Amino acid sequence: MPDIDIDFADRTKALDVFNHVTASIDDNGVFKKHNTGIYCTSVPHNPFTGLSTIDYKSAEERGYFKIDFLNVNIYKDVKDEAHLKQLMDTEPLWDLLLQDDFNNLLFHVNGHGSILREMAPQSIEQLAAVLGMIRPAKRHLIGKDWNTVLREVWVKPEGDEYYFKKAHAVAYAVAIVVQMNLICESISYGYS
C-alpha cells in the first residue's frame, strides 16, 4: 500500500473540503485520533466520534487507504507558485545548516545540529539522507562516508525499526531548502 503525505499550509481548511473519516490508533484497547491520517473512502467508523473503528495498521492490512494531511506552516510565507519554484530552485547556503541558531528554526532537522555538523550536507540528496539517518533504523550510518550512506540509507530494514522512505525524505529536504531560502529572503528584505 503506498504511503501518501500531502502538505498543507492549513490542513483544517483542506479537511473542510474533503468528506473523510479520521484514522485511529489503538493504544492498548483505547482508540485515539491519528495525528494526520484520514480516509477519503468508506471505512468502518464511529458516527459519534468520527474515528475509524479499525487501527490504521490493521486498516492497511485490510486494504483501506490512509492519506496523511500534514500542516507545514512554511508555505504560509510563499506568495505564489512562481515564488515557490524560485525558492525550490535557489541553491541554499548549505553552511547555515551547521549553525544551531539557524538549524533549530527548520522543521524535521531542529534539534539535530550535531548530525548536521558531522555530515555537513551540501545537496538535497545528502540532506534527504540526513533525514533518513535521524530515524532509528539508520542511525548507524551517521559518520560514514557519503558513498556508504547513499548506498544503504534507503534499504528497507529487516526488522520493524522506523525508517524514512526516500520519496518522503527528498520531499522534506526540498521543503527544508524552501524554508532555508525563505528565512534568508526575510533577513535580506527585513521582514519576518
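Given the structure is predicted, the values throughout are model-derived calculations rather than measurements.

A. Fine view of the layout of surface pockets. Taken as a whole, the largest pocket encloses approximately 1000 Å³ of empty space. Lining of the largest pocket is provided by 31 residues; of these, D3, Y56, E60, Y162 and K165 occupy positions nearest its centre. Counting residues per element, the ones that place at least two in the lining of the largest pocket are strand 3 (30-39), helix 2 (56-61), strand 5 (67-71) and helix 8 (166-189). Among the elements that line the lining of the largest pocket, the one with the most residues is helix 2, at 4 residues.

B. Seen up close, unusual backbone geometry. Within the chain, H108 stands out as a residue other than glycine whose phi angle is a positive 75°. Mapped onto the secondary structure, H108 falls in the loop between helix 4 (100-103) and helix 5 (113-119). For H108, a relative accessible area of 26% gives the class partly exposed. Backbone geometry places A120, a non-glycine residue, at a positive phi of 45°. Along the polypeptide, A120 turns up in the loop between helix 5 and helix 6 (124-134).

C. Broad picture of the pattern of salt bridges. Evaluation of the coordinates by the stated rule reveals 6 salt bridges. Across the salt bridge formed by K66 and D68, the nearest N and O atoms sit 2.9 Å from each other. Residue classification places K66 among the buried residues on the basis of a relative accessible area of 13%. The salt bridge partner of R117 is D100, with a shortest N-O separation of 2.7 Å. Of the two residues, R117 is situated in helix 5 and D100 in helix 4; the sequence distance between them amounts to 17 residues. Classification of R117 by relative accessible area gives partly exposed; the value is 40%.

D. Structural context of the packing of aromatic side chains. By the definition in use, this model includes 4 aromatic pairs. With 5.4 Å between their ring centres and 85° between their planes, F18 and F69 make a pair best called edge-to-face. One end of the pair, F18, is in the loop between helix 1 (11-17) and strand 2 (21-27); the other, F69, is in strand 5, and 51 residues separate them in sequence. Assessed through its relative accessible area of 40%, F18 is described here as partly exposed. Taken together through their ring pairs, the aromatic side chains of F8, F18 and F69 make up a single cluster. Above the ring of F164, the side-chain terminus of R135 is found at 4.1 Å from the ring centroid.

E. Here's a closer look at the pairing of strand 2. Alignment of strand 2 against strand 3, held across 6 bridges, turns out to be antiparallel. Note on strand 3: the bridge partner recorded for D26 is F31. Counting the residues that bridge the hairpin from strand 2 to strand 3 gives 2 residues, and of these N28 lies at a positive phi of roughly 55°.

F. Region of interest: the nonpolar core. Of all hydrophobic cores here, the largest spans 37 residues; its most connected members are L127 and L131. Secondary-structure elements contributing two or more residues to this core are helix 5, helix 6, helix 7 (146-152) and helix 8. It is helix 8 that provides the largest number of residues to this core, a total of 10 residues. Each residue touching L131, except ones within four places of it in the same chain, is listed here: H108, V109, F164, A169, Y172, A173 and I176.

The rules behind each value
Residues numbered from 1 in each chain as written. Predicted model: local features only at pLDDT ≥ 70, side-chain atom pairs only at ≥ 80, totals over all residues. Heavy atoms only, no water. 1 Å grid on protein atoms, 1.4 Å probe; cavity = no way out; pocket = protein on both sides within 12 Å on 5 of 7 lines; lining within 4 Å. Points joined across faces, edges and corners; volume = space filled by probe spheres on them. Helix = DSSP H or I, 4+ residues; strand = E, 2+ residues; numbered from the N terminus. Buried < 20%, exposed > 50% of the residue type's maximum accessible area, 1.4 Å probe, protein only. Salt bridge = Lys/Arg side-chain N within 4 Å of Asp/Glu carboxyl O. Phe/Tyr/Trp six-rings, centres within 6.5 Å; stacked < 30°, edge-to-face > 60°. Lys NZ or Arg CZ within 6 Å of the ring centre and 35° of its normal. Pairing = 2+ DSSP bridges. Core = buried A, V, L, I, M, F, W, Y, C linked by side-chain atoms within 4.5 Å. Contact = heavy atoms within 4.5 Å.

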